[in-house]
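Survey of secondary and tertiary structure
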Amino acid sequence: MLRLMKNKVFSAFLFAFFLPIVVSAKTVVLIHGFTGSGMDWRTSGFTKPLEFSGWKDGGSYGFNQWGMLTPIGINLKGDVFYTVNLPSLSNIQTQEGTLRQYLQHLFSQRSEPITLVGHSAGGVIARLYVLDPMHYPVNALITIASPHLGTPAAKIAYLAGNSPVGMMASFVGEDSLEDGRGLFLDLKEEAPNNFLYWMNHQPHPDIHYASIIRTNDTISKPNKFDFIVPPYSQNMNNVWALKNRSGIALSKDNHSLNGKDGQIVVDVLKHIN
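Residues numbered from 1 in each chain as written. Predicted model: local features only at pLDDT ≥ 70, side-chain atom pairs only at ≥ 80, totals over all residues. Heavy atoms only, no water.

On to the overall build of the protein chain. Scanning the protein chain from N- to C-terminus turns up eleven helices and twelve strands. Taken across its 273 residues, the protein chain has 52% of its residues classed as buried. Partitioning the intrachain contacts of the protein chain with sequence separation of at least 6 by distance along the chain shows that 74% fall at a separation of at least 24. Here the protein chain displays about 12300 Å² of accessible surface, and carbon together with sulfur accounts for 60% of that area. (Helix = DSSP H or I, 4+ residues; strand = E, 2+ residues; numbered from the N terminus. Buried < 20%, exposed > 50% of the residue type's maximum accessible area, 1.4 Å probe, protein only. Contact = heavy atoms within 4.5 Å. Areas by Shrake-Rupley, 256 points an atom, 1.4 Å probe, with all protein chains shown as cover.)

With that settled, the discussion passes to the packing of aromatic side chains. All chains considered together, the criterion is met by six aromatic pairs. Between the aromatic rings of W41 and F46, the centroid separation amounts to 4.7 Å while the plane-to-plane angle is 75°, which identifies the pairing as edge-to-face. Judged by its relative accessible area of 0%, F46 falls in the buried class. One aromatic cluster in this structure is built from Y61, F63 and Y102. (Phe/Tyr/Trp six-rings, centres within 6.5 Å; stacked < 30°, edge-to-face > 60°.)

This part covers the pairing of strand β9 (residues 114–119). Across the six residues of β9, six count as buried, placing the element largely inside the fold. Once you follow β9 into helix α4 (residues 121–131) and on to strand β10 (residues 138–144), the crossover reads as right-handed. (Right-handed = clockwise from strand over helix to strand, strands pointing away.)

With 19 residues, helix α3 (residues 92–110) ought to run about 27 Å at 1.5 Å a step, and its terminal C-alpha atoms sit 26 Å apart, in line with that. Those residues of α3 lying buried are I92, Q95, E96, G97, T98, L99, Y102, L103, L106 and R110. Put simply, N91 is the residue that caps the front of α3, since its side-chain oxygen is 3.3 Å from the backbone nitrogen of Q93. (Expected span 1.5 Å × (residues − 1). Polar contact = N/O pair within 3.5 Å; in protein donor to acceptor, adjacent residues only side chain to side chain.)

With that out of the way, let us pick up the environment of M134. Considering the arrangement of structural elements, one finds M134 in the loop between α4 and β10. A C-alpha to C-alpha distance of 9.8 Å links M134 and R100, two positions 34 residues apart in sequence.

In the predicted model, the protein chain carries a mean pLDDT of 85, and 81% of its residues have values of at least 70. Taken as a whole, residues 1–23 scores under 50 in pLDDT and shows 62 contacts with residues more than four places along the chain or in a different chain. This model gives residues 163–174 a pLDDT under 50, and the stretch forms ten contacts once residues within four places in sequence are excluded. (pLDDT = per-residue confidence, 0-100.)

Contact geometry for α3 and α4: axes closest at 9 Å, N-to-C directions at 65°. Put simply, α3 runs roughly perpendicular to α4. Considering the relative orientation of α3 and α4, their crossing is right-handed. Residues I92, Q93, Q95, E96, L99, R100 and L103 of α3 form the contact with α4, whose participating residues are A121, V124, I125, A126, L128 and Y129. Across the contact of α3 with α4, the residue classes tally to nine nonpolar, two polar and two charged. (Axes fitted to C-alpha atoms, helices over the stretch in contact; angles between N-to-C directions. Parallel < 35°, antiparallel > 145°, perpendicular 65-115°, else oblique. Left-handed = near helix turned anticlockwise from the far one by under 90°. Nonpolar A, V, L, I, M, F, W, Y, C, P; charged D, E, K, R; others polar.)

This paragraph deals with the side chain of D253. Tracing the sequence through the fold places D253 in the loop between β12 (246–251) and α11 (259–271). A residue is classified by how much of its surface remains accessible, and D253, at 7% relative accessible area, is buried. A polar contact of 3.2 Å, which involves the side chain of D253, links it to the side chain of K260.

A word on the pattern of salt bridges. Side chains carrying opposite charge are able to pair once their charged atoms draw close together. Applying the stated criterion across every chain yields a total of seven salt bridges. One salt bridge connects R110 with E112, and the closest N-O pair in it is separated by 3.3 Å. Residue R110 is classed as buried on the basis of its relative accessible area, which comes to 14%. The residue D253 makes a salt bridge to K260 at a minimum N-O spacing of 3.2 Å. (Salt bridge = Lys/Arg side-chain N within 4 Å of Asp/Glu carboxyl O.)

Structural data, given as structure tokens:
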């Protein structure tokens, strides 16, 4: 049963949550987007509100030539957040496979449901993970400016990566356009027979969903406008399989992570605690 909570205004953000029964969130995993890394959550100021609210930084997952690197704070008690490092130029399925390995290890150490928070493409990767019938327990998915219905920017980047522009960029050491073509293909706007169409029509588990959406109220302030992902694509309620199942938080910022996103997530976590 879904519960409708009254709209509340916190600072510059409007919350309207449609959340199921209350659960406890003790372990949070933060998933970065395209060309990102686990450190982005810290350097952007995102994690400061979490730490101020009592959440502990458990460190980051990664891989090197010898195998998986596990977080230094894997055995911390209480409310702990972890970051991950994904092969962010790879397609969605490849990145989800890496995330699955991290979460398998994390669950073996903490044995409790996990809350996933994804920024941009990281939100789509996290959502693909919860669609896996073999996934480890997840109690909530929070996405920030994620292209759930795709983005025109992905088509432009895909075409550029397959053009002389992409080859020239690779020649001067900028490989993201050419190497990211698989990811751009996955994130093209939803249409019959493409990846997002398939994904968005799969049954989604009965967990908490929350979408943090850039409002793009005015283009007169470019630093407050998301040029990467249209707002309608950031709202999980517009996903065919998730209609009216996601809470929403509106944010007047650009596509990048920031400390205000961290405060929104803190407030969302309070609602699901």
